[in-house]
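Inside the fold
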Amino acid sequence: MKSSLLLTLLLLIFNGFSTAYAATQASEAELPVISIQASRFVYSPNKIKLKQGQSVVLEIEATDHLHGFSIPELKVRVDAPQGQKIRVVLTPTKAGVFVFYCDIFCGSGHEEMSGEISVES
Amino acid sequence: MRKGIDRRDFIKLASIGGAVFASGLGFDVQAKSHGKHGHKLTPEDFYFAQLSDTHWGFNGAMVNPESANTLHMAVRNLNSLQNQPDFIVFTGDLTHTTDDPQERRRRMQEFRTIVDGLRVKNLKFIPGEHDASLDKGAAYQEFFGDLHYSFDHKGLHFIVLDNVSDPNAVLGQLQLDWLKSDLEQLPISAPIVVLTHRPLFDLYPQWDWHTRDGQAAIDLLMPHTQVAIFYGHIHQEHRHMSGHIAHYAAKSLIFPLPAPGSVPKRAPLPWDANRPFAGLGYRTIEAYPRKASYEIDEKLLSTGEQL
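Residues numbered from 1 in each chain as written. Chains lettered and ligands numbered in written order. Predicted model: local features only at pLDDT ≥ 70, side-chain atom pairs only at ≥ 80, totals over all residues.

All right, on to the sheet that holds strand E1 (residues 33-39) of chain A then. Residue and element names in this part refer to chain A. Taking strand neighbours across the sheet as the criterion, the 4 strands line up as E2-E1-E4-E7 in an open arrangement whose pairing is mixed. Two strands lie at the open edges of the sheet, namely strand E2 (42-44) and strand E7 (85-90), each paired on one side alone. Averaged over all pairs of adjacent strands, the angle between strand axes in this sheet comes to 25°, irrespective of strand direction. (Pairing = 2+ DSSP bridges. Helix = DSSP H or I, 4+ residues; strand = E, 2+ residues; numbered from the N terminus. Axes fitted to C-alpha atoms, helices over the stretch in contact; angles between N-to-C directions.)

What follows is the structure, encoded as structure tokens:
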């Protein structure tokens, strides 16, 4: 009895997860993509404008070195290894100006490697 | 007899802009006598000095046209003290980073030569990201020794933590395990001083002023009732409490940085020709294990500057 209940529960969880995952995959392909190049010691572009609630894909590509990409206030951070395109789906839920910066030390000038995302309501 | 700074020394420092704030941290004296494993801590008053973020090799006239002289000035200043500190700690960014491994070693050798001119020969080094992040601390270890370690001094247990040799700004599980093991040797009430470069707490992550897994270290320290943390990285004084644990950031000896979040960018504050060396300095920390307190004296390199 207990094992059949457990099996049912696991199936429900798996189905729910699969649906959510499929929806994410489908919607991500339709989202606008913002490409960001990361190179010592700048992001290009380093000023990005978004609308509150508007989902986008940030596609970060490091050209010369391992960099980080972190937006602490939006709980976003990824490693950006050289030569790879790293995709992050972002749906800002609040308006404001949010700093993104490199959080992997990359040399003299690392401290200047930052940008900002402006989210309008 | 206490070996702290006497009044004559203090007046001398005050004449170049010295100022003071004091902090009683409430250290419990009875903690120092016996550890769990025969760890003996004998309380005795003393003082040590903290120098931070000297960035030897930095070149930027708009920020510090005296960059080649500032460290020498601090060394002369310390050497002029009648009562010398028991030891001197350098809390990271001893040198300014470079991509060239040879140039990195040249800067470290020069730094080492300059600080070997200090009258105090007991020097303790802590790495900063400028010293150790690009080569995982390889060159640093050649010149300054281990990246993390602990030592005892007159009743206080000092723990040096490395949150920079991994460029991701983490301590890492291996070091956290070592910290746990080191702390297990001590009674819960032992007085502990942690020395590190980056803040262990989330001071201002938007400016990279944190340690990603720093909270794990704070969690390990939290059961210990008498902990103080001295660090650098942010080029200014700053005080913060995590429960009963006090964090103290030190000034730099190369350029000051703005207060966390006070301006959009964390750019160095420009040199003020009317107030040369403004915002630069070092500190001395007097430890009074028997009186259960510390006293921190901030020493400014600028003339006429007020805290």
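So that's the structure; there's more coming.
A few words now on the confidence of the model for chain B. All names here are of chain B. Scored by pLDDT, chain B comes out at a mean of 86, with 83% of its residues at no less than 70. Taken as a whole, residues 1-40 scores under 50 in pLDDT and shows 92 contacts with residues more than four places along the chain or in a different chain. Two summary scores accompany this predicted model of the complex, namely pTM at 0.84 and ipTM at 0.82. (pLDDT = per-residue confidence, 0-100. Contact = placed C-beta atoms within 7 Å.)

Among soluble globular proteins, nonpolar side chains are generally buried collectively. Membership of the largest hydrophobic core comes to 69 residues, with the highest contact counts inside it found for Val194 and Ile229 of chain B. Residues contacting Ile229 of chain B, with those up to four places away along its chain left out, are Val194, Thr196, Leu200, Ile245, Ala246, His247 and Tyr248 of chain B. In this structure, Tyr43, Phe100, Ile104 and Ile117 of chain A belong to the second largest nonpolar core, which totals 21 residues. (Core = buried A, V, L, I, M, F, W, Y, C linked by C-beta atoms within 7 Å. Buried ≥ 20, exposed ≤ 12 C-beta atoms within 10 Å, placed from the backbone.)

Here we come to the sheet that holds strand E9 (residues 238-242) of chain B. All names here are of chain B. The sheet built from 6 strands is open, its strands ordered E5-E6-E7-E8-E10-E9 with mixed pairing. Each edge of the open sheet is held by one strand with a lone partner, namely strand E5 (149-153) and E9. The sheet shows a mean angle of 20° between the axes of neighbouring strands, taken without regard to direction. Examined bridge by bridge, strand E8 (residues 226-231) and strand E10 (residues 245-249) share 4 bridges and lie parallel to one another. Note that in E10 the partner of Phe230 across the bridge is Tyr248.

Put simply, an interface is often sized by how much accessible area is lost when its parts join up. Counting from both sides, the interface comprises 14 residues of chain B and, opposite them, 9 residues of chain A. Among the residues making up the side of chain B that touches chain A, the classes are represented as 4 nonpolar, 6 polar and 4 charged. (Nonpolar A, V, L, I, M, F, W, Y, C, P; charged D, E, K, R; others polar.)

Moving on, we get to the environment of Val57 of chain A. Residue and element names in this part refer to chain A. Position of Val57 among the secondary structure elements: in strand E4 (residues 56-62). With 23 residues separating them along the chain, Val57 and Ile34 place their C-alpha atoms 6.1 Å apart. Those residues in contact with Val57, other than ones at most four positions away along the chain, are Glu28, Leu31, Val33, Arg87 and Val89.

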